[in-house]
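Examination of the molecular architecture
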Amino acid sequence: MTQSPQVPSGTDLPRLPVTLSVNGETHELTIDPRVTLLDALREHLHLTGTKKGCDHGQCGACTVLLDGQRVLSCLTLAVMHDGQSVTTVEGLGTPEHLHPLQDAFIRHDGYQCGYCTPGQLCSSVGTLDEIARGVPSHVTAHLDAVTFSAEELRERLSGNICRCAAYPNIIAAVTEVHAAGDGA
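Here's what I pulled together on the structure shown here. (Residues numbered from 1 in each chain as written. Predicted model: local features only at pLDDT ≥ 70, side-chain atom pairs only at ≥ 80, totals over all residues. Heavy atoms only, no water.)

1. Remarks on unusual backbone geometry
Keep in mind that most residues, glycine aside, have a negative phi and that most peptide bonds are trans. Of note, aspartate 109 is a non-glycine position whose phi angle comes to about 55 degrees, a positive value. For aspartate 109, the location among the structural elements is in the loop between helix H2 (100-107) and helix H3 (117-133). (Helix = DSSP H or I, 4+ residues; strand = E, 2+ residues; numbered from the N terminus.)

Right, dumping it as structure tokens:
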């Protein structure tokens, strides 16, 4: 008779050190290696702006910027990002000094109920940066000449679900910020 291998219980797993720079502040954590970046932000650092929606990477509510790139924080483990820089909605601006996209979302009513707004904002910042760097999307007509358009925005932001259907307002807000040149 063969013996089954011993699987460690949750309390038996080693905890691993991870250092994250979140919104410009360095945090040293010792966490279970299975903790997602989303849960590290919400449960360990108490930054609750980033939302847990579907927990499957399908809604975009958990979008943050990781070294400036858009990332679904529910689909990545915190320990994979030791030493990296994370920007959450709390790091985009303050109530006294809003990020241009936050201000435009308010003026264009792009936030509605607000649940998806943190992910929409982080994704919009990342989108404007991608377009500025010339990173093509699925709808880019000429791969060597990425241009800003509503079609590009809709494609790039399509992973961020808004149940209130504020999409036209979000597109208007991002378009305004792009036109003003102060988005990324």
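2. Concerning the sheet that holds strand E2 (residues 25-31)
With respect to topology, five strands assemble into an open sheet ordered E2-E1-E5-E3-E4, the strand pairing being mixed. With one partner strand each, in any of the chains shown, E2 and strand E4 (69-72) form the two edges of the open sheet. Each neighbouring strand pair of the sheet contributes to a mean axis angle of 40 degrees, computed without reference to strand direction. For strand E3 (residues 63-66) and strand E5 (residues 85-87), the ladder comprises two bridges, and the chain directions are antiparallel. Within E5, the position partnered with leucine 66 by the bridge is valine 86. Where H3 meets the sheet, its contacts fall on E3, E4 and E5, and the angle it forms with E3 comes to roughly 45 degrees. (Pairing = 2+ DSSP bridges. Axes fitted to C-alpha atoms, helices over the stretch in contact; angles between N-to-C directions. Contact = heavy atoms within 4.5 Å.)

3. Re a nonpolar patch on the surface
Together, Leu98, Ile106 and Tyr111 make up a nonpolar patch on the protein surface, roughly 250 Å² of accessible area in all. Mapped onto the secondary structure, isoleucine 106 falls in helix H2. Taking relative accessible area as the criterion, isoleucine 106 reaches 46% and is therefore assigned partly exposed. (Patch = residues over 30% accessible without salt bridge, like charges linked within 9 Å, V, L, I, M, F, W, Y side chains within 5 Å. Areas by Shrake-Rupley, 256 points an atom, 1.4 Å probe, with all protein chains shown as cover. Salt bridge = Lys/Arg side-chain N within 4 Å of Asp/Glu carboxyl O. Buried < 20%, exposed > 50% of the residue type's maximum accessible area, 1.4 Å probe, protein only.)

4. Focus on the pattern of salt bridges
Taken as a whole, this structure holds nine salt bridges when the rule is applied. Of the charged contacts in the structure, one is a salt bridge between glutamate 176 and arginine 107, with a shortest N-O distance of 2.6 Å. Taken together, the residues span a long stretch of sequence, with glutamate 176 in helix H5 (residues 167-180) and arginine 107 in helix H2 at a distance of 69 residues. Given a relative accessible area of 29%, glutamate 176 falls into the partly exposed group.

5. A short note on the nonpolar core
Within the largest apolar cluster, 22 residues are counted, with the highest numbers of intra-cluster contacts made by Leu92, Leu101, Phe105, Leu121, Ile170 and Val174. Breaking this core down by element, the ones donating at least two residues are H2, H3 and H5. Residues within four places of isoleucine 170 in sequence aside, it is in contact with Phe105, Gly110, Gln120 and Leu157. (Core = buried A, V, L, I, M, F, W, Y, C linked by side-chain atoms within 4.5 Å.)

6. Here's the deal with the environment of phenylalanine 105
Turning to its location among the elements, phenylalanine 105 is positioned in helix H2. Placed 55 residues apart in sequence, phenylalanine 105 and asparagine 160 show a C-alpha to C-alpha distance of 15 Å. Setting aside chain neighbours within four positions, we find phenylalanine 105 in contact with Gly110, Tyr111, Thr117, Gln120, Leu121, Ser124, Ile170, Ala173 and Val174.

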